[in-house]
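Chain by chain, the residues run as shown.
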Amino acid sequence: MTESDGIWSKILNLDRRIITIVAVLLIVWPLVKPIGLPIVVNKYTYQVHDLIDSYPEDTVVFIDNAIGLGYFGAMGPAFIDVLTHMTSKNFKIVCFSGLTPEGPITFWKCWNAVPKELTDNYEYGIDYVYLGFMTGGESTMIKAAENLHDLFTYDYYGTPLKDIPLLENIGNYEDYDIVLYCTSSEDYRGMMYRIWGETFKTNLILLAQRAVVPVNMIDAGLIKGYVRGLRGAAEYELILKRPGAAIAQLDAVSMFFIWMLGIVAIGNIAFFMRKREAKAG
Amino acid sequence: MATRIHLRRTLPLLITLIAGVLIILDFFVSGLPVSSQSVPILSKWATIIWGFAMPYSVLTLVIDHLKIIKKQTPGRWYYSIWMLVLIALMLYQGFTEGTGGDLYTELFTYMAAPVLSTVSGMLGLYALAASFRVWHARTPEALTMIIAGYLVVLGIIAPIGEIIWPGFGPLANFFNDYVFKAERTVFYIGTSVSAILLGIRTLLGYETYYMRVED
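Chains are numbered independently. Their residues run from 1 in the order of the written sequence. Chain A is the first chain written and ligand 1 is the first ligand written, with later ones labelled in order. Predicted model: local features are reported for residues with pLDDT of at least 70 only, side-chain atom pairs are reported and counted for 80 or more only, and whole-chain, interface and lining totals are derived from all residues. Hydrogens and water are ignored here; the side-chain numbers use all heavy atoms of the structure.

Caption draft 1: Spatial organisation of the interface of chain A and chain B. Any two residues having at least one pair of non-hydrogen atoms within 4.5 Å are treated as being in contact. Listed as interface residues are 57 residues of chain A and, on the opposing side, 49 residues of chain B. Two parts placed together each lose some accessible area; with a 1.4 Å probe, that loss summed over both constitutes the buried area. Carbon and sulfur atoms supply 68% of the area that chain A and chain B bury against each other, a total of about 4800 Å² over both sides. A per-residue breakdown of the area chain A buries against chain B is headed by N216(A), R231(A) and L261(A), which together make up 12% of the total. Here, a salt bridge means any side-chain nitrogen of Lys or Arg that lies within 4 Å of a carboxyl oxygen of Asp or Glu. Taken together, the connections running from chain A to chain B amount to 3 salt bridges. The shortest N-O distance in the salt bridge between D177(B) and K43(A) comes to 2.8 Å. A run of H or I in DSSP counts as a helix once it spans at least four residues, and a run of E counts as a strand once it spans at least two, with each numbered from the N terminus. Broken down by secondary-structure element, the contributors of at least two residues to the side of chain A that touches chain B are α1 (7-12), α2 (16-32), α3 (43-54), α5 (103-113), α7 (137-146), α10 (215-219) and α12 (245-280) of chain A. Among the elements that line the side of chain A that touches chain B, the one with the most residues is α12(A), at 17 residues. Each residue is assigned to one class: nonpolar for Ala, Val, Leu, Ile, Met, Phe, Trp, Tyr, Cys and Pro, charged for Asp, Glu, Lys and Arg, and polar for all the others, Gly among them. Residue composition of the side of chain A that touches chain B, grouped by class: 36 nonpolar, 12 polar and 9 charged.

Caption draft 2: Focus on the pairing of strand β4 (residues 178-183) of chain A. All names here are of chain A. Along β4, 6 of the 6 residues are buried, which leaves the element largely enclosed by surrounding structure. Relative accessibility decides the category of a residue: with a 1.4 Å probe and only protein chains considered, values under 20% of the type maximum give buried, values over 50% give exposed, and everything between is partly exposed. Judged by which residues are buried, β4 turns out to be covered on both faces: I178, L180 and C182 on one side and V179, Y181 and T183 on the other are all buried. Criterion used throughout: strands pair if DSSP finds at least two bridges between them. Bridge count between strand β1 (residues 60-66) and β4: 6 bridges; the pairing is parallel. Residue pairing in the sheet places I63 in a bridge with L180 of β4.

Caption draft 3: Layout of the sheet that holds β1(A). Residues and elements named next belong to chain A. The strand order across the open sheet formed by 6 strands is β3-β2-β1-β4-β5-β6, and the pairing between neighbours is parallel. For this open sheet the edge positions go to β3 (128-133) and β6 (225-228), each flanked by a neighbour on one side alone. Going across the sheet, the axis of each strand differs from the next one's by a mean of 15°, ignoring polarity. Summarising the sheet, β1 and strand β2 (residues 92-97) pair through 5 bridges and their orientation is parallel. Fitted lines through C-alpha atoms give the axes, limited to the stretch in contact for helices. The angle between two N-to-C directions lies from 0 to 180 degrees.

Caption draft 4: Expanded view of the packing of aromatic side chains. Pairing of aromatic side chains here covers Phe, Tyr and the six-membered ring of Trp, requires ring centres within 6.5 Å, and sorts the geometry by plane angle: under 30 degrees stacked, over 60 edge-to-face, intermediate tilted. Overall, the coordinates contain 30 aromatic pairs over all chains when judged by the stated rule. A ring pair is formed by W108(A) and Y156(A), whose centres lie 5.9 Å apart and whose planes are at 45°; its orientation type is tilted. Linking W108(A) in helix α5 with Y156(A) in the loop between α8 (148-151) and β4, this pair joins segments that are 48 residues apart in sequence. Just as W108(A) is buried, Y156(A) falls in that class too. Relative to Y78(B), the ring of W77(B) has its centre 5.5 Å away and its plane inclined at 70°; by these criteria the two rings are edge-to-face. Residue classification places W77(B) among the partly exposed positions, given a relative accessible area of 29%. Through successive ring pairs, a cluster of aromatic residues spans F79(A), F107(A), W108(A), W111(A), Y122(A), Y124(A), Y128(A), Y130(A), Y156(A) and Y157(A).

Caption draft 5: View of the pattern of salt bridges. Scanning all chains against the criterion turns up 11 salt bridges over all chains. Of the charged contacts in the structure, one is a salt bridge between D219(A) and K181(B), with a shortest N-O distance of 2.5 Å. Placement of D219(A) in helix α10 and of K181(B) in helix α7 (residues 168-203) is noted, with the two residues assigned to different chains. Judged by relative accessible area, K181(B) falls into the partly exposed class, the value being 27%. A salt bridge links E183(B) to R184(B), with the nearest nitrogen and oxygen atoms 3.3 Å apart. Assessed through its relative accessible area of 38%, E183(B) is described here as partly exposed. You can call R184(B) buried: its relative accessible area is 14%. Salt bridges here are not isolated pairs; linked through shared partners, they connect D58(A), K92(A) and D127(A).

Caption draft 6: Inspection of unusual backbone geometry at higher detail. Residue and element names in this part refer to chain A. Located in the positive-phi region is D58, a residue other than glycine, with phi close to 65°. Phi is positive for K201, which is not a glycine, with a value near 50°. Position of K201 relative to the elements: it lies in the loop between α9 (189-199) and β5 (204-208).

Caption draft 7: Region of interest: α5(A). For α5(A), the buried fraction is high: 8 of the 11 residues fall into the buried class. Regarding α5(A), the residues found buried are G103(A), P104(A), I105(A), T106(A), F107(A), W108(A), C110(A) and W111(A).

Caption draft 8: Focus on helix α5 (residues 140-157) of chain B. Taking 1.5 Å per residue, 18 residues should reach 26 Å; α5(B) reaches 24 Å between its end C-alpha atoms and fits that length. Burial in α5(B) covers these residues: A142(B), I146(B), G149(B), L151(B), V153(B), L154(B), G155(B) and I156(B). The inward-facing, buried residues of α5(B) contact β6, α11 (229-240) and α12 of chain A together with α6 (160-164) and α7 of chain B. By this rule, a helix spans an expected 1.5 Å times one less than how many residues it contains.

Caption draft 9: Quick look at the domain arrangement of chain B. According to the domain assignment, chain B consists of domain 1 (1-96) and domain 2 (137-215). Its C-alpha centre places domain 1 of chain B at a distance of 31 Å from the equivalent point of domain 2 of chain B. Residue ranges assigned to the domains are those given by an automatic or database domain assignment.

Caption draft 10: Highlighting a nonpolar patch on the surface. Nonpolar side chains collect at one region of the surface, where L14(B), L17(B), I18(B), V21(B), I24(B), L25(B), F27(B), F28(B) and V29(B) lie side by side and expose about 810 Å² of accessible area between them. Mapped onto the elements of the fold, L14(B) is located in helix α1 (residues 2-28). Patches in this entry comprise residues that are over 30% relatively accessible and not in a salt bridge; like charges within 9 Å are linked, as are nonpolar side chains (Val, Leu, Ile, Met, Phe, Trp, Tyr) within 5 Å. Surface exposure here means Shrake-Rupley accessible area, sampled with a 1.4 Å probe, where a residue is shielded only by the protein chains that are shown.

Caption draft 11: Representation of the side chain of T84(A) in the model. Relative to the helices and strands, T84(A) resides in helix α4 (residues 72-88). Those residues within four positions of T84(A) in sequence are excluded, and the remaining contacts are V114(A), P115(A), L118(A) and R242(A).

Caption draft 12: Main features of the environment of I223(A). Residue position: I223(A) is located in the loop between α10 and β6. Not counting chain neighbours up to four residues away, the residues in contact with I223(A) comprise Y193(A), L204(A), L206(A), P214(A), M217(A) and I218(A).

Quick look at the structure:
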């Protein structure tokens, strides 16, 4: 028997399509019939919730929504949950998209997904405003912190900023009680810590996709809390006692990753068994 | 010849030096008239230059794809036509109705969003198949990677991990809060010191790659 026709070689050469089809089936199954796996809430998610909870009504939140469309499934629920929490406390919301041109699309998708009973009493221009996308990276972000009215002349709908009542007394970092940065990208995170956390000492909350929490930044006080992707969103829904899209999708995520770990284990066993057979033979 | 060298090398270096020194002065010395007045202007210039970069990149993209169409490069030229049509459509929408226009939003929502989500999903499935093929514990380093991967998935990403064994969550958090933190701290200090050195070298004219001038 040659090395290439043994059982372990056959396993190692398993058709990619089989792996993919099983994965797709495992993802679809819990979406059709939810399993309801219990979720343990992480302390970092609690930090975000508690920080938002500690502020009174009419707190001003400045949001940079940089969620791209490709990762909306992973990041959208987290943003919706945090918006739900903020609107339940009647926070004033000023949002723009500084780092992705898809920001306007994802912002409105999230805003429209917030429960209607919470947004019904929100009046555009008085309780919330969306300023649209602005290119420029770091220099734009600094300008947003120093003087918003210098950066934008009009809002998303073309209304002059001077005609928007909400922005009459809001113009720079001193007016923002909380700064929320939602991102599906790794690129600009350092810049956000530098500008909002270090230079302007604002309460920066991060909503990002990365599984590992940037503990250094939290310890240094550069960010006050971190919601990590879909898992964080599901945890947030649990804290708010409002089960939503994230909890439903997390079962599918679990199944996908269990399959991934399973086949990696099978691949390793087959790899070493084939090696042993080759040595013995 | 000497004038040309000055224009290509000395002038950009001088601009870099002046801009860099002004920004450093503004950062470390507050209230200095020279820097406090000039740095906001420099920031505006940076925004304007950034603004120019976008049309320039669109222009080079269009020129490259026009070349492909002209040459009728096999298997590519029709995609180039399709891309140019879409660029023209988006530009037209952007200039006439802005980014809030119905067609612009619909193009994003019903064309870009599904395509981008599909690409992300496909990447996940490719990573799955690739991990089966190549994620083997050939070396101690590879084994460490596999263990770390298992820990991240079972302790952080997938709640099923904590059902299998409740210790996965605390264990992953321990690694996140201590091991990862130590690694990140070293990384941040290292990259920060390197960035400072690179900045000094750039200001002094030792780093000229951004001008494409070789020593």
